[in-house]
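So the chains spell out like this:
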Amino acid sequence: TLVYDKAKVFFGFSLAREAIRSKDKVVLVEGNMDVVASHQAGVKQVVAASGTALTLEQLRTLSKLTKNIKLAFDADRAGLAAKERAIELGQKLGLTLRMVAMPEGIKDADELIGQGVELWKQAITEAKYIVDYLFDRFEHDYDLSSAVGKRGYTDRLAASLRRLGDPVEQDHYVKLLASKTGTSEEAIKTKLEKGTDAAP
């Protein structure tokens, strides 16, 4: 509606604004209850997107307060797709995106806070740069000792590497991907140039 556009707003933004500015970071979660639990526990630089589909408008709003965005989204297919899309959006605005990883068996911030607020604070502190997170995440899905596994792994990461706007950063990850798969940097660059990726 004219009053509410979920592509432009965050749940809890008005309450989190000052904490985001003072701490120079924001944590994006999926659910409203994650925000409520976090604020009740004293961690107030937390807001929720309306679903996992981040928009450029939402990130532009946050960029006025901080360039440091931490994503605490699910590790399911939809969550992974949202993280990969977020790389390109973040690059356009000069943002640094990091992933907040939940401990094994914990599905979201609300559940983690129930185990102890210090665990939630630790997860935020240890958030990993989003491209490094994807490298580690996809490594578990493929057998990197086989040609087929190497192909799948490089396919999954190629799209994310193409979204990196900085050539120095892209070169760093080309070298890393070549090293992890035991292939040449030229082969990785050729794959990036071809623009063909495997389906998730």
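Keep in mind that this is a model prediction, so the values were computed, not measured.

Can you explain the pairing of strand β3 (residues 68-72)? Please cite residues and give values.
Within β3, four of the five residues are buried, leaving the element largely enclosed by the surrounding structure. Two strands pair when backbone bridges link them, and strand β1 (residues 26-29) and β3 are joined in this way by four bridges, in the parallel orientation. Looking across to β3, one finds that Leu 28 is bridged to Leu 71. One ladder, built from four bridges, connects β3 with strand β4 (residues 96-99); its direction is parallel. Its bridge partner lying in β4, Leu 71 is registered against Met 99.

Can you tell me about the packing of aromatic side chains, naming the residues and giving the values?
Geometrically, a pair of aromatic rings is defined through the distance of the ring centres and the angle of the planes. Under the defined criterion, the tally for this structure stands at four aromatic pairs. On the numbers, 6.4 Å between centres and 35° between planes, the contact of Phe 10 with Phe 13 is tilted. With a relative accessible area of 9%, Phe 10 lands in the buried category. On the numbers, 6.4 Å between centres and 25° between planes, the contact of Tyr 129 with Tyr 173 is stacked. On the criterion of sequence distance, the pair formed by Tyr 129 in strand β5 (residues 128-129) and Tyr 173 in helix α9 (residues 167-181) is long-range, its members being 44 residues apart. Each member of the pair Tyr 129 and Tyr 173 is classed as buried. Taken together, the aromatic side chains of Tyr 129, Phe 135, Tyr 153 and Tyr 173 make up a single cluster linked through ring pairs.

Tell me about the side chain of Ser 160, and please be specific about residues and values.
Considering the arrangement of structural elements, one finds Ser 160 in helix α8 (residues 147-162). Those residues in contact with Ser 160 that lie beyond four places of it in its chain are Glu 84, Ile 87 and Leu 134.

Please set out the sheet that holds strand β2 (residues 46-48) residue by residue, giving values where relevant.
The strands making up a sheet associate through backbone hydrogen bonding, with each pair oriented either parallel or antiparallel. Strand order in this open sheet of five strands is β2-β1-β3-β4-β5, and the pairing throughout is mixed. Taken across any chain shown, the strands that pair with only one partner, and hence form the sheet edges, are β2 and β5.

Now, about unusual backbone geometry: what can you tell me, with residues and values included?
One non-glycine residue, Asp 24, lies in positive phi territory at about 55°. Mapped onto the fold, Asp 24 is located in the loop between α1 (13-23) and β1. Residue classification places Asp 24 among the partly exposed positions, given a relative accessible area of 38%.

Any chance you could break down the pattern of salt bridges for me, citing the residues and the numbers?
Inspection of the entire model under this criterion finds eight salt bridges. Linking Glu 18 and Arg 21 is a salt bridge whose minimum nitrogen-to-oxygen distance equals 2.9 Å. Separated by three residues within a single helix, Glu 18 and Arg 21 lie in helix α1, roughly one turn from each other. What makes Glu 18 exposed here is its relative accessible area of 53%. For Arg 21, a relative accessible area of 42% puts it in the partly exposed group. Glu 118 is the salt-bridge partner of Lys 121, the closest N and O atoms lying 3.6 Å from each other.

Any details on helix α6 (residues 117-125)? Residues and values, ideally.
Residues of α6 that are buried include every one of Trp 120, Ala 123 and Ile 124, and no others. Along the axis of α6, the buried positions cluster into a sector of 100°, meaning they face one direction only. For α6, the exposed residues set more than 90 degrees away from the buried face come down to Glu 118 and Thr 125. Looking at the buried positions of α6, the neighbouring elements they touch are β1, α2 (32-40), β2, β3 and α5 (109-115).

Conventions we followed
- Within each chain, residues carry numbers counting from 1 in the order of the written sequence.
- In keeping with the predicted nature of the model, local features appear solely for residues at pLDDT of at least 70, side-chain atom pairs appear and are counted solely at 80 or more, and the whole-chain, interface and lining totals rest on all residues.
- Excluded from the side-chain calculations are hydrogens and water; all other atoms, namely the structure's heavy atoms, are used.
- Relative accessibility thresholds used throughout: buried, under 20% of the residue-type maximum; exposed, over 50%; partly exposed, between the two (1.4 Å probe, protein chains only).
- A run of H or I in DSSP becomes a helix once it reaches four residues, and a run of E becomes a strand once it reaches two; helices and strands are each numbered from the N terminus.
- We call two strands paired when DSSP finds no fewer than two bridges between them.
- Classification of ring pairs uses Phe, Tyr and Trp, with its six-membered ring standing for Trp, and accepts pairs whose centres are within 6.5 Å; under 30 degrees between planes counts as stacked, over 60 as edge-to-face, and the remaining range as tilted.
- Any two residues having at least one pair of non-hydrogen atoms within 4.5 Å are treated as being in contact.
- Salt-bridge detection follows one rule: a side-chain nitrogen of Lys or Arg within 4 Å of a carboxyl oxygen of Asp or Glu.
- Read the arc as the range of directions from the helix axis to the C-beta atoms.

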